[in-house]
Amino acid sequence: MLGKFFKKPQDDLGGRVPPGQTLAARFPVLTYGPTQRYSPQEVVVKLTGLAEPRQFTWAELLALPQVTLTHDIHCVTHWTRLDMLWTGVRVTDLMQQVQLRPGASHVMQRSVGGYTTNLSLEDFVRPENLLAHTYNGQPLEAEHGGPLRLVVPHLYFWKSAKWLTELEFMDGDRPGFWEKNGYHMRGDPFAEQRYDDD
């Protein structure tokens, strides 16, 4: 497989490739459990926990400012894909619509199908993070998390939950699915924070 779909970079390409990563020629599909398939019109993102309760429908998300950003993505399974083109709603723009309660410091992403993963509020509320619905100018395919996923490019890609359905704001850190199963609580690819003892 190495060489056909992946290749080792000659160097870190000016700091873009974290240690231990290979470059992916394609967009690999990695999912625990079945691919979730549902229409964009069924998308609802709920805000729970330490936020004023509300929800965003697909139409309401599309009514927010839309941006297209180019990001490098790094997977904990050692692949990196450069210059990926994503379109969606910046998390910072979404948060303009959110009223947090005192003490909120972390957020748990929840997905259709029951997947969860945690982020600190500091890692979540960054201008490069997106609720993405489009990849390379096309609607995001279900295998890659469509109709809607979070994209958090500065952390390993498991922190970018597919099929996003809920953001639970919390007063402390809690592990999500992969974190409970041995992955790092934060997942910085440049620090190689792959596993809980890294």
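Now for a description of the structure that goes with this document.

On the secondary structure map, E168 appears in strand β12 (residues 164–170). Among the polar contacts made by the side chain of E168, one reaches the side chain of R174 at a distance of 3.2 Å. The contacts of E168, once residues within four sequence positions are left out, are T48, G49, H106, V107, M108, R110 and R174.

Let's shift gears to the nonpolar core. Core analysis: the largest hydrophobic core is formed by 28 residues, its most contacted members being L61, L94, F124, L131, L167 and F169. Contributing elements (two or more residues each) for this core: β3 (44–49), α1 (58–63), α2 (91–95), α3 (121–124) and β12. Not counting residues up to four positions away in its chain, the partners in contact with L61 are V43, V45, F56, Q66, V89, L94, L131 and L148. Residues A24, L69, W86 and Y135 belong to the second largest nonpolar core, which totals 15 residues.

This next bit is on the sheet that holds β12. Strands sit in the order β4-β3-β12-β7-β8 across an open sheet of five strands; the sheet is mixed. Single-partner strands in this sheet number two, and they are β4 (54–57) and β8 (116–120). Here the strands of the sheet are splayed against their neighbours by 20° on average, with no regard to which way each runs. As paired strands, β3 and β4 are joined by four bridges and run antiparallel to one another. What sits directly across from K46, in β4, is Q55.

Attention now moves to the packing of aromatic side chains. Applying the stated criterion across every chain yields a total of 16 aromatic pairs. Note on F27 and F157: the rings are 6.3 Å apart at their centroids and 45° apart in plane angle, and the pair reads as tilted. Note that F27 is positioned in the loop between β2 (22–24) and β3 and F157 in the loop between β11 (149–151) and β12, a separation of 130 residues in sequence. Just as F27 is buried, F157 falls in that class too. The rings of Y32, Y115, Y156, W158, F177, W178, Y183 and Y195 are connected pair by pair, giving a single aromatic cluster.

Moving on: the pairing of β12. Extensive coverage of β12 is indicated by the burial of six of its seven residues. With four bridges joining them, β3 and β12 adopt parallel strand pairing. The residue bridging L47 from the neighbouring strand is L167, located in β12. When strand β7 (residues 106–111) meets β12, the two strands line up antiparallel, connected through six bridges. Its bridge partner lying in β12, H106 is registered against M170.

Each value, and the rule that gives it
Residues numbered from 1 in each chain as written. Predicted model: local features only at pLDDT ≥ 70, side-chain atom pairs only at ≥ 80, totals over all residues. Heavy atoms only, no water. Helix = DSSP H or I, 4+ residues; strand = E, 2+ residues; numbered from the N terminus. Polar contact = N/O pair within 3.5 Å; in protein donor to acceptor, adjacent residues only side chain to side chain. Contact = heavy atoms within 4.5 Å. Core = buried A, V, L, I, M, F, W, Y, C linked by side-chain atoms within 4.5 Å. Buried < 20%, exposed > 50% of the residue type's maximum accessible area, 1.4 Å probe, protein only. Pairing = 2+ DSSP bridges. Axes fitted to C-alpha atoms, helices over the stretch in contact; angles between N-to-C directions. Phe/Tyr/Trp six-rings, centres within 6.5 Å; stacked < 30°, edge-to-face > 60°.

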